[in-house]
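Residue-level structural notes
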Amino acid sequence: MAKYFSYLWLLLLPAYTWGIGPSASIEQRLEQFHLEAAIQEAQQLADPLTRDFYLLHIQFYKYISTQNVTHLEGFDEFWENTIQSLEKKPDSLPLRPVMLAELYGKMAILEFLEENYFASLRMVRQCHKWTKRSTELFPGNKEQRKYQGLFNVVFASVPKKYQGLASMLGYTGDAELGMQQLELAAAESHLLKAEAQFIVFFVEKNVLGKGEKAMKRMEKLKTKLGNNMMVDFLLASAYSGMHQNEKALALLELREKYVADKRVFFTPYWDHSLGKAYYFKGDYEKARLYLRRFLTAHKGNIYEVDAKFRLGMSLVLSGDLHGGQKIFKSLEEIKASLFDEDEYAMAMAKRFAAEAPSPYLKQLFKARNYFDGGYQEEALLTLRRLERQKELLSPDELIELYYRYGRIYHKQGELTNAIKNYNLCTAQPPSEQKWMQAYATFYLGDIAREQKKAQEAIAFYQSVLTYDKYFYQAGLENRCKAILSEMKN
């Protein structure tokens, strides 16, 4: 009983009683992405553990935003010292296990990006261990909800290629509970609050496939925070994902405003998004300008292949095949990142470096770009011109023609035509465009779910999971598993 009351008393006391606790001022700097100001304020903190905790995270944010290794100089040693200092602290500190989970989680991400999978797995185990420890000692601590939620959501929808790592952890998740925990973390946490807000957006948009809900969440945050580089960047990505390219462009064209604000740590990923937005619109000259800016400023391999492929395609679609193929061939010397976009771009670049895309395939690319940007009539017009030559299309091109029609009609709410074209797509013999057939099956599931045909929808989603070794596989499997989990509850 005495032990119970001692823990209850600890829960009622603020974390700063022991000197370890979030700094409201630094948290605000992080939310604004004023990272240099955050460093200066962190260096003035009286508690060395809180100081080092924030300094480590600021360097982590700088690295993730640029992949510039200079931001990781001394990170490992600095990280190790901070971990050791925290582990020596008593269990009576409510934020101790949370801070340890945060630091192990960040190192897991860095190891994963370096493709050190077993090292990443060890870090994930430690992160899970300290999250569990925090839950046991301080069940009411709001600061542990972020990782509780992440573990639940991520492990409820692990794609095939990472299932081995998940099984080694022996951990299963609950997507619905995880999302509730993440939402509470975004609303109520004080330690790395902005990070929690951005993570719940990312999970909703990219893992659960709830793009509209994620978009509205970020719109609400923008109303609250006003001009904010990270909020504008993420909201633009939400608009892009919802095929609202003009809205995305309206935000992304604020670029010079944020570059001129020396308080803001500008991320080159902004230029990647802006280049893509112009690419979708068919403004290939501006697309090349910003894609090149991204490639100059960015220091790693994430989206490098995607950017160079789009750069090459912008030349090809402008009539400069030689210039495009020169860029495609240069990709032979680059190692693609693990991101789905880079994997697809590398495969297409290798193909087009050896063999020029046919006139029909170029038209299909234009239709895809128009659709991705939300320019549905332009996309439909492009496909109708192409359909007149349908007998000249290769099997791969025919699959894509039906898939593109299906996507446009689905977006326009013409479900009968959408179903017809999705079925024509999946009925073709499997080929290199198998990924489009997997996605067509997924969208047939979405339509069945919209029409309240639950068992039919489940059958389609389960059918998607039988496909293997196709482009964009991890993201689609995440969405299917999350939806199936939700439908069975």
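The residue numbers shown here count from 1 along each chain, following its written sequence. Local features are withheld for residues below a pLDDT of 70 in this predicted model, meaning they are given only at 70 or higher, and side-chain atom pairs are given and counted only at 80 or more; totals for whole chains, interfaces and linings count all residues. Side-chain calculation: all heavy atoms of the structure are included, whereas hydrogens and water are not.

1. Some details on empty space enclosed by the protein
Picture a little ball the size of a water molecule; that probe, rolled over the atoms, points out where space is still empty. Using the following cut-off: A 1.4 Å probe that fits but cannot get out identifies a cavity on a 1 Å grid over protein atoms alone, an open set with protein on both sides within 12 Å along at least five of seven lines counts as a pocket, and a residue lines either if it has an atom within 4 Å of a point. Grid points are joined across faces, edges and corners, and a volume is the space filled by probe spheres set on the points. For the purposes of this entry, the term helix denotes a DSSP run of H or I that reaches at least four residues, the term strand denotes a run of E that reaches at least two, and both are numbered from the N terminus. Side-chain classes follow a simple rule in which Ala, Val, Leu, Ile, Met, Phe, Trp, Tyr, Cys and Pro form the nonpolar group, Asp, Glu, Lys and Arg form the charged group, and the remainder, Gly included, forms the polar group.
Counted under the stated rule, the structure contains two cavities of 30 Å³ or more. Looking at the largest cavity, its volume works out to about 50 Å³. Y344, M348, R351, L361, F365, R368, E400, Q433 and M436 together form the lining of the largest cavity. Elements with a contribution of two residues or more to the lining of the largest cavity: α20 (340–354) and α21 (359–373). Split into classes, the residues belonging to the lining of the largest cavity amount to five nonpolar, one polar and three charged. Where the lining of the second largest cavity is concerned, the elements lending two or more residues are α6 (96–113) and α7 (117–137). Taken together, the residues that form the lining of the second largest cavity break down as three nonpolar, three polar and one charged.

2. Observations concerning helix α22 (residues 376–387)
To keep things clear, this is the line we draw: Expected span, for any helix, means 1.5 Å times one less than how many residues it has. Exposure is judged per residue with a 1.4 Å probe applied to protein chains only, and the accessible area is read against the type maximum: over 50% gives exposed, under 20% gives buried, and values in between give partly exposed. It is the directions from the helix axis to the C-beta atoms that the arc portrays. Any two residues having at least one pair of non-hydrogen atoms within 4.5 Å are treated as being in contact.
Taking 1.5 Å of rise per residue, 12 residues should cover 16 Å, and α22 covers 16 Å from first to last C-alpha, within 8% of that figure. Residues of α22 that are buried: Q376, A379, L380, T382, L383 and L386. Here the buried residues of α22 occupy an arc of 160 degrees about the axis, which is enough to place them on one side. Next to the buried residues of α22 lie α21 and α23 (395–412).

3. Quick notes on helix α26 (residues 454–464)
Residues of α26 that are buried: A457, I458, Y461 and V464. Viewed along the axis of α26, the buried residues span an arc of 115 degrees, placing them on a single side of the element. Along its buried surface, α26 packs onto α25 (434–450) and α27 (473–488).

4. Observations concerning the nonpolar core
Operational definition: Residues belong to one nonpolar core when they are buried, are Ala, Val, Leu, Ile, Met, Phe, Trp, Tyr or Cys, and are joined through side-chain atoms within 4.5 Å.
Core analysis: the largest hydrophobic core is formed by 152 residues, its most contacted members being L30, W79, V203, F309 and F365. The leading source of residues in this core is α25, at 10 residues. Apart from residues lying up to four places away in sequence, W79 is in contact with L56, L103, Y104, M107 and M123.

5. Describing the packing of helix α5 (residues 75–87) against α6
Test applied: Interaxial angle, 0 to 180 degrees, is taken between N-to-C directions of lines fitted to C-alpha atoms, where a helix line uses only the stretch in contact. In what follows, roughly perpendicular refers to angles from 65 to 115 degrees, roughly parallel to angles under 35, roughly antiparallel to angles over 145, and oblique to any angle outside these ranges. Each crossing is labelled by how the near helix is turned from the far one, with a counterclockwise turn of less than a right angle marking it left-handed and a clockwise turn marking it right-handed.
Where α5 meets α6, the closest approach of the two axes is 10 Å, and the angle between their N-to-C directions is 155 degrees. In this view, α5 runs roughly antiparallel relative to α6, as classed from their interaxial angle. Considering only the axes of α5 and α6, their crossing is left-handed. On the side of α5, the interface is formed by F75, D76, W79, T82, I83, L86 and E87, while α6 contributes R96, M99, L100, L103, Y104, M107 and L110. Of the residues belonging to the contact of α5 with α6, the class tally is 10 nonpolar, one polar and three charged.

Interpretation in functional terms is not warranted from these geometric data alone.
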